[in-house]
Every structure is written in structure tokens, then in C-alpha cells.
Amino acid sequence: PHTGRLALYLLGLQATCPAASAPRSLVTWLKYYLEEDWTGTRRHGHPLTSYYQYGLGVLALCVHHKRVREEVIRRLLTAQRHGRLGHGGNAVDTEAVVALAFTCLERRRLVETELAAELRAAAHGASRSMAETQGPDGVIGNIYSTPWALQVFLATGSCQTEPAFGQAMAAMLENLEAFGTAATMAQVLPVLHGRSYLDIASMHCQEEPDTLTPLDMEPLAEVPGNKTVQLVVECPLPWCYELRLYDRPVAVPASASLLDVLQAAAALDPPDFKFHTQDTPQGPFLTQVLGLEARREKRNYWQLLSAPNTPLQMGIADYRPQDGETLILRLSEW
């Protein structure tokens, strides 16, 4: 089911102040996708896509002032209460999307009073949980999850009393260059204006001036010279018996991204390195290295690290390694 993609499209459509409301067929399709998505629990114990996409679907319907069946809402509420949203990994963005959906349903009065109280308590609980997981650098989860957490602080009103809000905002402002895709920009822009996705539901479009102008994007300046990056691939137990599968220096232009490094490694002779990516709204996502595929059913993924153990805060197309840096691709569990 295309739950998340359609939900994001409907949120964006509403935010552009369209002359007419969204086509009913799109909203109907989203409701259908939510039901189809949930059939995954019979086999996997979670939606076919993810709780993140499922939560986005509920949020988009609420922003469009559409009622959601109580059973659909309680599926999310139960998952949150039992700690299933993160599947044991970093789930800040998922918790945030779900908290925003809960707050929207409660604020728009689209649920009964008793359920509204439960949703309000759950959203405030998520806000406190995010504050507790904040790192010393102010980041909550990772740099891409931080705008989601900030939206929750704004939506629940805890931004006025929670010290984590100011620290997270400072961290985000220091890393604005990380948000280079349309999807990541869309998460940051509301926060920069002190808003959240919930504000889309109450926009007064007749008051919005037509001030949109095309933006001329300047290409990144070319940096002269070359650099060498040490590329390492690690696969721990239980997936592999040998931890280090690849360890080789790769020479690339000085302005090269991690994706450029991977492509250069694949072109080396002998051709002993190969990889595959999947296109996502946030850019290419690493799915396979040396024939080893990260799969949702196995609850693993390819983690990107700067040696010895620092997780990268950007994707493979955005991160630009330093000369002499060692980058590790590690098959990890979530």
C-alpha cells in the first residue's frame, strides 16, 4: 500500500491552499490503503508498510477533517502503549507522527470524549519520552528525526516549558545543510515558522498572499583535487561468521559524496564490491552490499558509520566524507 506517499501528498496539497478541496477519490484511496496496510499484522505483527506510514495516513485524514474509525485509531494507541512503534530501534520520527495524529484527532474533536483524553495523554507522554532521549548535542534520535520531535513540542504546547525544545532547535539550525531533499525540507519549514503539520488543518487560505516565486538553486561548488576514503564493510553474527568483509581505500574527487565513494569502489579492478539502493522521498537508501540484503522481515539495515563508531546524520547522497576518513557500512539490527 502507498499509505505514506499518498498521506504526504494530501498534507502538501492542503498546505498549498488549493482552490478546491482534495478530490474525494484520493481520500477514499487513503482510507482503503489504511485497511490494506493493516492486513500485514496477520503475518508480521505490524502494518505492511510501517507504523510511521500508518500514522501519517491517520494524520492526513485528520488534517482534511475526515473522521477515522475508532478501531483504526486504537491500533496505533495499542502499538504505542506496548512499545511496538520502534521495533527496538530509533523510533523518534514514528512516535512523533503518531503523537501528531493523536493531537489532531483530539483537537479537531473527531473522537469521543473518553478516547480524546487517552489520545491527549499519549501525545504528552510521547513528548516527555522524546525529551528524555535527547543527546548531549541537542539532537533527538537523529538530525532528520529532530524536526518531527520539534513539531510535537509545538503541537502539544510543551515547547514553552520543555528545555529540550530550545536545545533541539539550536541543533537543527546548526545542521540545516542536511535537509536537502523536498521531503526533509517539508519537515523543517513548519518548525522554522513555529508551526507543525497540525496548523495545516486551520489555515485561512483566503488570507494567504500569492508570494511564491521560483527558486534558482545554485549547484554545489566543485572542490579541486582528490581525497582517499577507507571503505569498510562489516557483517556481525548472526548474519555472517566473518566480521570484516571489505576494507579498501577508494580515491575520489574532493567534493565526492558517500554515494560517489560507493560507485567508485564498484568500478575498481578487480570488481569485488557491489551495492544496491532504493529510491525514497529522502533520497537513495542503501539496501544491499556485497550481495547481503537488509530486509524488514529480518529486522536489519545497513548502518552508516564514521570510524570507529559514530553514526552518520545524513544519507549516502548527502554525506561528504573527509580526506583520510574511514567509513563503515555495518549490517545492524533494529
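How each quantity is defined
- Sequence order sets the numbering: in each chain, residues are counted from 1 along the sequence as written.
- With pLDDT at 70 or above as the cut-off, local features in this predicted model cover only qualifying residues; side-chain atom pairs require 80 or more to be listed or tallied, and sums for whole chains, interfaces and linings still use all residues.
- With hydrogens and water stripped out, all remaining heavy atoms of the structure feed into the side-chain values.
- Helical segments are the DSSP runs of H or I of at least four residues, strand segments are the runs of E of at least two, and each set is numbered from the N terminus.
- Residues adjacent in sequence count toward polar contacts only when both atoms are side-chain atoms; beyond that, a polar contact is any pair of N or O atoms within 3.5 Å, and within protein one must be able to donate a hydrogen and the other to accept it.
- Pairs of residues are marked as contacts when any of their non-hydrogen atoms sit within 4.5 Å.
- Strands pair, by our definition, only if DSSP identifies at least two bridges between them.
- With axes taken as lines fitted to C-alpha atoms, and helix axes fitted only over the stretch in contact, angles between N-to-C directions fall between 0 and 180 degrees.
- A pair of cysteine sulfur atoms is labelled a disulfide when the two atoms are within 2.5 Å.
- Residue burial is assigned from relative accessible area. The probe radius is 1.4 Å, only protein chains are included, and a residue is buried under 20% of its type maximum, exposed over 50%, and partly exposed in between.
- Take the buried Ala, Val, Leu, Ile, Met, Phe, Trp, Tyr and Cys residues and link them wherever side-chain atoms come within 4.5 Å; each set so joined is a nonpolar core.
- Where each domain starts and ends follows an automatic or database-derived domain assignment.
- Throughout this description, any angle smaller than 35 degrees is read as roughly parallel, any larger than 145 degrees as roughly antiparallel, any in the 65 to 115 degree range as roughly perpendicular, and the remainder as oblique.
- For any pair of crossing helices, the crossing counts as left-handed if the nearer helix is rotated counterclockwise from the farther one by less than a right angle, and right-handed if it is rotated clockwise.
- Amino acids are sorted into nonpolar (Ala, Val, Leu, Ile, Met, Phe, Trp, Tyr, Cys and Pro), charged (Asp, Glu, Lys and Arg) and polar (every other residue, Gly among them).
- Every case where a carboxyl oxygen of Asp or Glu lies within 4 Å of a side-chain nitrogen of Lys or Arg is listed as a salt bridge.

As for the side chain of S158
Item 1. With respect to the element layout, S158 can be found in the loop between helix 7 (146-156) and helix 8 (163-174).
Item 2. Of the polar contacts made by the side chain of S158, one reaches the side chain of S127; its length is 2.9 Å.
Item 3. Look past the residues within four positions of S158 in its chain and what remains in contact with it is S127, V152 and F153.

Topic: the sheet that holds strand 3 (residues 275-280)
Item 1. Strands sit in the order 3-4-5 across an open sheet of three strands; the sheet is antiparallel. Here the strands that pair on one side only, and so sit at the sheet edges, are strand 3 and strand 5 (292-293).
Item 2. Examined bridge by bridge, strand 3 and strand 4 (residues 283-289) share six bridges and lie antiparallel to one another. Bridge pairing in strand 4 links T280 to G283.
Item 3. Of the strands in this sheet, strand 3 and strand 4 touch helix 10 (residues 258-266), which is tilted by about 150° from strand 3.

Overview of the side chain of T49
Item 1. By the secondary structure assignment, T49 is in the loop between helix 2 (24-38) and helix 3 (51-63).
Item 2. A distance of 2.5 Å separates a polar atom in the side chain of T49 from a polar atom in the side chain of D37.

Digging into the state of the cysteines
Put plainly, a disulfide is one covalent bond tying together the sulfur atoms of two cysteines.
Item 1. Tallied over the entire structure, the rule returns two disulfides.
Item 2. The disulfide that involves C62 links it to C104, with 2.0 Å between the sulfurs. Judged by the sign of its S-S torsion, about -95°, the bond between C62 and C104 is left-handed. Of this pair, C62 sits in helix 3 while C104 sits in helix 5 (residues 92-107), and the two are 42 residues apart along the sequence.
Item 3. We classify C104 as buried; its relative accessible area is 1%.
Item 4. For C235, the disulfide goes to C240, at an S-S distance of 2.0 Å.

A closer look at the sheet that holds strand 6 (residues 300-306)
Item 1. In space, the five strands of this open sheet follow the order 2-1-8-6-7, with mixed pairing throughout. Since the sheet does not close on itself, it has two edges, and those belong to strand 2 (244-253) and strand 7 (310-311), each with one partner.
Item 2. Across five bridges, strand 1 (residues 226-234) lies against strand 8 (residues 326-333) in parallel orientation. Within the sheet, the bridge partner assigned to E234 lies in strand 8 and is R330.
Item 3. Packed on one face of the sheet, helix 10 meets strand 1, strand 2, strand 6 and strand 8 and runs near 110° to strand 2.

A word on unusual backbone geometry
Across residues other than glycine, the phi torsion is negative in most instances, and most of the peptide bonds are trans.
Item 1. With an omega of 5°, the peptide bond running from D269 to P270 counts as cis.
Item 2. With respect to the helices and strands, the residue P270 is situated in the loop between helix 10 and strand 3.
Item 3. Here the amide bond leading from A307 into P308 is cis, since omega sits at 5°, within 30 degrees of zero.
Item 4. In this structure, P308 sits in the loop between strand 6 and strand 7.
Item 5. At L290, a position not held by glycine, the phi torsion is positive, near 55°.
Item 6. The residue L290 is located in the loop between strand 4 and strand 5 in this model.

Overview of the nonpolar core
Item 1. L59, F102, L105, M130, F153, F273 and L329 are the most contacted members of the largest nonpolar core, which totals 100 residues.
Item 2. Both of domain 1 (2-201) and domain 2 (226-333) provide at least three residues apiece to this core.
Item 3. Discounting residues that sit within four places of it in the chain, L105 has contacts with V58, C62, V68, I73, L110, V111 and L119.

Regarding the packing of helix 3 against helix 4 (residues 70-81)
Item 1. At a minimum axis distance of 11 Å, the contact between helix 3 and helix 4 shows a crossing angle of 140°. Here helix 3 lies oblique to helix 4, going by the angle between them. In this structure, the crossing between helix 3 and helix 4 has a hand that is left-handed. Facing helix 3, whose interface residues are Y51, Y54, G55 and V58, helix 4 presents V72, R75, L76 and A79.
Item 2. Tallied by class, residues from the contact of helix 3 with helix 4 come to six nonpolar, one polar and one charged.

So, the pattern of salt bridges
Item 1. Per the stated rule, a full pass over the model turns up 13 salt bridges.
Item 2. Close ionic contact of R74 with E70 constitutes a salt bridge, the shortest N to O distance being 2.9 Å. Taken as a pair, R74 and E70 lie in helix 4 at a separation of four residues, close to a single helical turn.
Item 3. Here R330 ties to E234 by a salt bridge, and the two come within 2.9 Å at their closest N and O atoms. Of the two residues, R330 is situated in strand 8 and E234 in strand 1; the sequence distance between them amounts to 96 residues.
Item 4. Judged by relative accessible area, which is 6%, E234 ranks as buried.
Item 5. Several salt bridges share partner residues, and in doing so they unite E35, R69, E71 and R75 into one network.

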